[in-house]
Amino acid sequence: MSTRLAKGGRLINRTAPVEFSFNGKKMKGFQGDSLAAALLANDQVMVGRSFKYHRPRGIVAAGPEEPNALVNLGTGARLEPNQRTTTTELFSGLEATSQNHWPSLSFDVGVINNYASRFMPAGFYYKTFMHPRPFWKHVFEPVIRRAAGLGKAPTQGDADRYEQAYAFCDVLVVGAGIAGLKAAKSAADAGQRVILVEQTPVLGGRAPVDDTEVDGKPVEAWLSAMEADLAARDNVTIRVRTVAAGVYDHGYVLADERVADHTPGDGRPKHRLWRIRTAKVINAAGAIERPLSFAGNDIPGVMLAGALRDYVVNYGVSPGDRTVVVTNNDSAYQTALALKAAGLDVPAVLDARASATGALPEAARKAGIRVITGHGIAKVKGGKRVTGVSVCAQAGEGSVTEEIGCDAVAMSGGWSPVVHLWSHCGGKLNWDDTISAFVPDPTRPPLNHDGSAMVEVVGAASGDLDLSGKPSTIPPVWVMPQGAPIKLRSKMWLDYQNDVKVSDVQLAAREGYMSVEHTKRYTTLGMATDQGKLSNINGLAILADSLGSEIPQVGTTTFRPPYTPVTIGALAGESRGDIFQPLRRTPMHEAHEKAGAYFEPVGLWRRPYCFPRAGETHEQAVHREVNNTRNNVGLLDASTLGKIIVKGPDAGKFLDMLYTGVMSTLPVGKCRYGLMCNEQGFLSDDGVVARIDEDTWLCHTTSGGADRIHGWMEDWLQCEWWDWKVFTANVTEQYAQVAVVGPNARKLLESLGGMDVSKEALPFMQWADGTLAGFPVRVYRISFSGELSYEIAVPASHGAAFWEACTKAGKAFDAMPYGTEGLHVLRAEKGFIMIGDETDGTVIPQDLGLDWAISKKKADYLGKRGQDRSYLASPDRWKLVGFETLDGSVIPDGSYIIASGTNANGQRNTQGRVTSTYYSPTLKRGIAMGLLKHGPTRMGEVVEFNTVKGGTVKAKVRDTVFFDKDGEKQNV
Amino acid sequence: MLTLECPYCGVKADETELAPGYEAHLKRFGPGSSPEEFEAYMFARKNPKGVHFERWRHAYGCGKWFLAARCTATLEVFGTYPAQVSEPPADIIKKIQARRPEWKSGWQPDGKGTK
Amino acid sequence: MKRYSVFAIAREALRYHSGWEKAWRSPEPKAQYDAIVVGAGGHGLATAYYLGKNHGITNVAIIEKGWLGGGNTGRNTTIIRSNYLQDSSAAIYEKARSLYETMSQDLNYNVMFSPRGVMMLAQTHHEVRGYLRTAHANALQGIATEFITPQRVKELCPILNIDGPRYPVLGALWQPRGGTGRHDAVAWGYARACSAMGMDIIQNCEVKGVRSENGQVTGVDTTKGFIGTKKLGMVVAGHSGQLAEMAGFRLPIEAVALQALVSEPIKPCMDVVVMANTVHGYMSQSDKGEMVIGGGTDGFNNYTQRGSFHHIEETLRALVETFPIISRLKMLRQWGGIVDMTGDRSPIISKTPLGNCFINCGWGTGGFKAIPGSGWAMAELMAKGEPGPLAEAFNMWRFKEGQFIDESVAAGVAH
């Protein structure tokens, strides 16, 4: 049985017992245990079910390479599916449940797949489930989906928070084993800033488990001296529980620190995601042991030899009483010796090599352990756990020479250097025959920004598997026994989680999926949550053999980040909820909130859409706001409007290039409406430009366009006309702007007291500086509603107070705030275009009847050449007109104007579309603008707009100005 | 995740501080240009797998546009330089020729300019 | 070609699957073909398949630098939809979608087309108007879509948070017959069918030059020698620029990296595909249980198949906000592909300055969903020498004339 030993366990604190539960069963462990160690200490050998065949699964490894022992950890808002027990630190109250079975772990209906496994080889689903056609979606797929998946889907959001941080260093050392510690020290000695990250909670790596000597000292003594040395240095930062997940270009490394995984709910962030920029990465991530491929190698109780040794030495846990060791190299003998030293029974070491004469095999023999060379396992016996092994000659076809009873098997198929971080950015690998593994090729490293090597590899990760410096040799043993027949090969697991067997890879090769990428995808080899850490090399070897090729020719699949899975919450960081994105608020934002505004996002701004009163729908509120603005006075927060100052001796020349019209001739004190196009000729932004003084203009842009247009200006000034003397400044946030709109607008401003805003002093399309209610203001007499209208800019710090002053003074004149939707209706009633409604990136000013705003005299402006292209200059373009429905209804938003017949692709022909459509509270009927082929020549014609249900709405073509055609209201 | 040194403020800027602007040293063709010239100016791109000259703006820094010579196949950066030049600095060209002896395509839109 | 069926599996099971034949042959190239398609991705293989099936041209080689299906076909997020705005886009994507409906039966290879429905969330009023426009356009294009309410969104996808504080869901454009497919299987299924028609799929063979005489292509120089042809089709997303340069013309294309990622697999919790363009991320759950996630592209030329990590962070921020339950799942694997971005973000299926040379490229971030339609249209172009109605608008001269096919005008993006 699997149990806690009476003695030992270098990582556990036997005086600190910890209670936890597995599948509801209360269990006990110790502080320092991994969940996997604690489960083994409680004789929980079977911990889950495999993905495809639902076979019983036990713990195989002791680190992040574990493919089997995944659990649902926690519950509710702290449920974490697929948590690896081998890297989960035990804590008090931990609740874990096993995965991928129904109704229970020990009795799982899904295991029927196991009995039918012969009918479900790799890729079988590509060959069936095709008839009848609807069955895939309605029958086969739902069944497959339910059977697949692993952990439970959470049903709640996340109770924890995550932090993100930046760090910079000269050298980032990944892995705090002996090699990593030495590398960190020598970099630190050279005066470099060093960060050392270690995925486990402790430093030292594997060496202390193997009780070796380092530099002539016992490893534990060496370690404590080294730890003290590094801790004392200012230029070294050590972060444990931190996994370097990915290496990206130019020395960018993503590292995930598990801050509070083992102390949930203590208020600290669960993880901290480090974005590290380093001049160099030193990969000291060690090596991962490989399984051997023998029949039944997936039965719970079969473990990696190194992992079994970890459990005995680190945690004082014995996974079995009688352990058969099977290997192709010397390292597994250490496991045999460690078990023996712990007083456990090792009936035999089966060594596939013809002879084993190294120091370790000799030590094992000396310790009385039976060593059988040239032999291996024909088959492991047992179902939900190991009961014994059948021994056979490695050279043969599996005829059994002996049966050995045991309850655990320790296997070692050699070690694969952890080359992931070397390979993420394209570091190349060589196949090393002496250790049968891929190792980094130092002559073909991943490159840094300056073309130098970005990653260096030391220790076992470089292929140096023996700390004492002697080259280890590991002869390849890819199948055990060598001549195993198909019956055995179809029971040899390569990928434990995804149920990929030796026979599956052979089948893929036989069917022509000869690229390693094809085989991976066809069989799903290496696509499980361990990403092939255990299975890839073994699978490659089988593939190469099946193709009659060599492993280096077959090559590896691409190593992609992350090295181990990273919690998505950590990658999202703190940007959630209200602070999901930065929020831009105008100075009046709070006042709008108090007034009960319903906001809409406009870029990162929030703008009031309307100000609904109790019992009002949004639509009713908009209508009230429009009516009140037309009849009394409305207040609009226009602060989000872009405001860009363009200044300098060449500013006029520059603006003449930027706008389709002429801005250089605009007299000081006046305003002019302008259009900007991109180089294609398409209309990109519009707004009113004010001439401030001889060499200063202020350009208003749309709310969404301010940053874009400012960048656009700078692009031309810096990259094309860099000899022009022009400065630009985006002062959008420096000014709050209030539009006071309606027949009572002037009266309202006059009641504030201050500057003269009379028709004579401040005519339409002029601006003036002065004061209102004591505030320093710049008043623009411009209108986007057709009403008497002033836009008043005040320094942003006065914005809230000025808004309040207007609101207060406005009471006497029935002032009400109005929102963006009211703004839209007001402008649509007047036929003013809106960027984003009338334009969509394919519309030119000429389409919108804005020829009057395009200078005919100018030789050039941005977009002029583009507009000359045949398709843009065509007389057949859709052009802007107004529409009114015959029945007064509102044309559906997004509707198209149908034309007769269909095109060559069978689509109904169209001749236009609606661009703005509203119910006009002023006219009490639907109004619309839209684009229509040859529109302006078709006044009075009735056209048909489509509805999504297949019907049509009839509307008459008319001009776009629905209200106050002569502009009498705005010119008072 | 690129880092590019802004030639104006000297900051080794992280990619997140920068706004990309694609191919550099394009010549603008305005009114009067032929359809072919205008099309080439707007659309035809070198898009090389290898040495490339491109525009970047230190958008969340000093705000300046600058140019970079970079390898699109390895992301190696040969150098950055101000946008207010009509050709890449000689030392950057020299560096590229040393690092990429096979490089022939030049920095001009028509592929010339290796001199 | 031996047919695949449940009976074939049962028969093979009895002999431990020793009797399966190769899904496709791997021949050496012949000296001369009637047509060569460069690029054995989904689009190239589909082009060859329809050359044979629709036009009877089977003396065809498909030449591939690496392994078939190894480019973007095998590294996308497998979304299939046709709810496009512009007529010419809608036509070709709907052709593709309808071919996906019957592809498994047509190819006798289960490509697992799963019409589980695609919804594109509207999270601003502007986006609502954009999708209403698309819905109206789709109604006239014969594409079944509708604009649905937030409540319906929640019913269809219960894990979606429709009441987020920043971008509450205002509705969605819903295409019930959109969905996903098994991307590798599409390439493999076409390859098997092409091979069965006698076509030669030549992998690990790189084109090094294009030979032409008097404005006509005569063949290609490859790492396996010169191969002659009467017609040449270039279908090499991500490397179109290089190939065009060999043929002596330039394209309105930039190659940039697009990234995607998957989570660890969990039990089914999401039966539809959701795209959230305002916050910029999209997600579906694969049959294996992984959440399949995609986001935005880099803004610089890149051939490394590695994107910039901050895009992954942006995408995940968006999706955690949209689907709060994914916060405690883990990112299992992320990767990048190289996509062709044209001047209007729409593809090119076109004749070229060389008389018998044709190009299919520029699918940007949305190529997978188009594969069968693209192959259908490209095959017609290659067979007849002139584009049919599906391809006509996608000619490479539209840029000169300013005749854009611009999908970004509807609030959506072209994933």
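Note that the structure is predicted; figures quoted are calculated from it, not measured.

Draft legend 1. How the structure looks around the pairing of strand β6 (residues 70–73) of chain A. All names here are of chain A. Neither face of β6 is exposed, since L70 and N72 on one face and V71 and L73 on the opposite face are all buried. Note that β6 and strand β7 (residues 80–84) share three bridges and pair antiparallel. Residue pairing across strands places L73 opposite E80, the latter belonging to β7. The loop that links β6 with its antiparallel partner β7 comprises six residues; one of these, G74, has a positive phi angle of about 75 degrees.

Draft legend 2. Seen up close, a nonpolar patch on the surface. All names here are of chain A. A cluster of nonpolar residues, W102, F107 and V109, forms a patch on the protein surface that exposes about 380 Å² of accessible area. Mapped onto the fold, V109 is located in the loop between β8 (94–98) and α2 (112–115). Owing to a relative accessible area of 41%, V109 belongs among the partly exposed residues under this scheme.

Draft legend 3. Layout of helix α23 (residues 820–829) of chain A. Residue and element names in this part refer to chain A. In terms of burial, α23 is a largely internal element, 10 of the 10 residues being buried. When α23 is considered as a whole, its buried residues turn out to be T820, E821, G822, L823, H824, V825, L826, R827, A828 and E829. Looking one or two residues beyond α23, the residue adopting positive phi is G831, at roughly 75 degrees.

Draft legend 4. Representation of the packing of aromatic side chains within the structure. Inspection of every chain in the model, using the stated rule, returns 45 aromatic pairs over all chains. Between the aromatic rings of Y126(A) and Y522(A), the centroid separation amounts to 5.6 Å while the plane-to-plane angle is 15 degrees, which identifies the pairing as stacked. Here the residue Y126(A) occupies a position in the loop between α2 and α3 (135–147), and Y522(A) occupies one in helix α13 (residues 516–523), the gap between them amounting to 396 residues. Measuring from centroid to centroid gives 4.9 Å for Y513(A) and W188(C), while their planes differ by 70 degrees, and the two rings are edge-to-face. Within this pair, whereas Y513(A) is found in the loop between α12 (502–510) and α13, its partner W188(C) is found in helix α7 (residues 183–196), the two belonging to separate chains. Taking the relative accessible area as the measure of exposure, Y513(A) reaches 0% and is therefore buried. For W188(C), a relative accessible area of 1% gives the class buried. The ring of Y16(C) carries R118(A) above its face, with NZ or CZ at 4.2 Å from the centroid. Seen from the ring of W376(C), K95(C) lies directly overhead, with NZ or CZ sitting 3.8 Å from the centre.

Draft legend 5. The interface of chain B and chain A, seen in detail. In this assembly, 31 residues from chain B lie in contact with 31 residues from chain A. Across the chain B/chain A interface, buried area totals approximately 2500 Å², and carbon plus sulfur atoms make up 51% of it. Applying the counting rule to chain B against chain A returns four salt bridges. Here chain B and chain A share 15 residue pairs in polar contact (both at pLDDT 80 or more) between them. Mapped by element, the contributors of at least two residues to the side of chain B that touches chain A are α1 (35–42) and β4 (51–57) of chain B. The element that contributes the greatest number of residues to the side of chain B that touches chain A is α1(B), accounting for four residues. Across the side of chain B that touches chain A, the residue classes tally to 14 nonpolar, nine polar and eight charged.

Draft legend 6. Local environment of the sheet that holds strand β41 (residues 727–730) of chain A. Residue and element names in this part refer to chain A. Read across the open sheet, the five strands follow the order β38-β39-β40-β37-β41; overall the sheet is antiparallel. Looking at strand neighbours, the two that pair on one side only are β38 (671–677) and β41, the edges of this open sheet. Taken pair by pair, the neighbouring strands of this sheet meet at an average axis angle of 25 degrees, ignoring direction. Judged from the four bridges that link them, strand β37 (residues 642–647) and β41 form a sheet pairing that is antiparallel. By the bridge assignment, K647 is partnered in β41 with F727.

Draft legend 7. Expanded view of the sheet that holds strand β20 (residues 357–361) of chain C. Residue and element names in this part refer to chain C. Taken in spatial order, the six strands line up as β9-β3-β2-β13-β20-β19 in an open sheet, and their pairing is mixed. Two strands lie at the open edges of the sheet, namely β9 (200–202) and β19 (348–351), each paired on one side alone. Taking each pair of neighbouring strands and ignoring which way they run, the sheet shows an average axis angle of 15 degrees.

Conventions adopted
Residues numbered from 1 in each chain as written. Chains lettered and ligands numbered in written order. Predicted model: local features only at pLDDT ≥ 70, side-chain atom pairs only at ≥ 80, totals over all residues. Heavy atoms only, no water. Buried < 20%, exposed > 50% of the residue type's maximum accessible area, 1.4 Å probe, protein only. Helix = DSSP H or I, 4+ residues; strand = E, 2+ residues; numbered from the N terminus. Pairing = 2+ DSSP bridges. Patch = residues over 30% accessible without salt bridge, like charges linked within 9 Å, V, L, I, M, F, W, Y side chains within 5 Å. Areas by Shrake-Rupley, 256 points an atom, 1.4 Å probe, with all protein chains shown as cover. Salt bridge = Lys/Arg side-chain N within 4 Å of Asp/Glu carboxyl O. Phe/Tyr/Trp six-rings, centres within 6.5 Å; stacked < 30°, edge-to-face > 60°. Lys NZ or Arg CZ within 6 Å of the ring centre and 35° of its normal. Contact = heavy atoms within 4.5 Å. Buried area = accessible area lost by both parts, 1.4 Å probe. Polar contact = N/O pair within 3.5 Å; in protein donor to acceptor, adjacent residues only side chain to side chain. Nonpolar A, V, L, I, M, F, W, Y, C, P; charged D, E, K, R; others polar. Axes fitted to C-alpha atoms, helices over the stretch in contact; angles between N-to-C directions.

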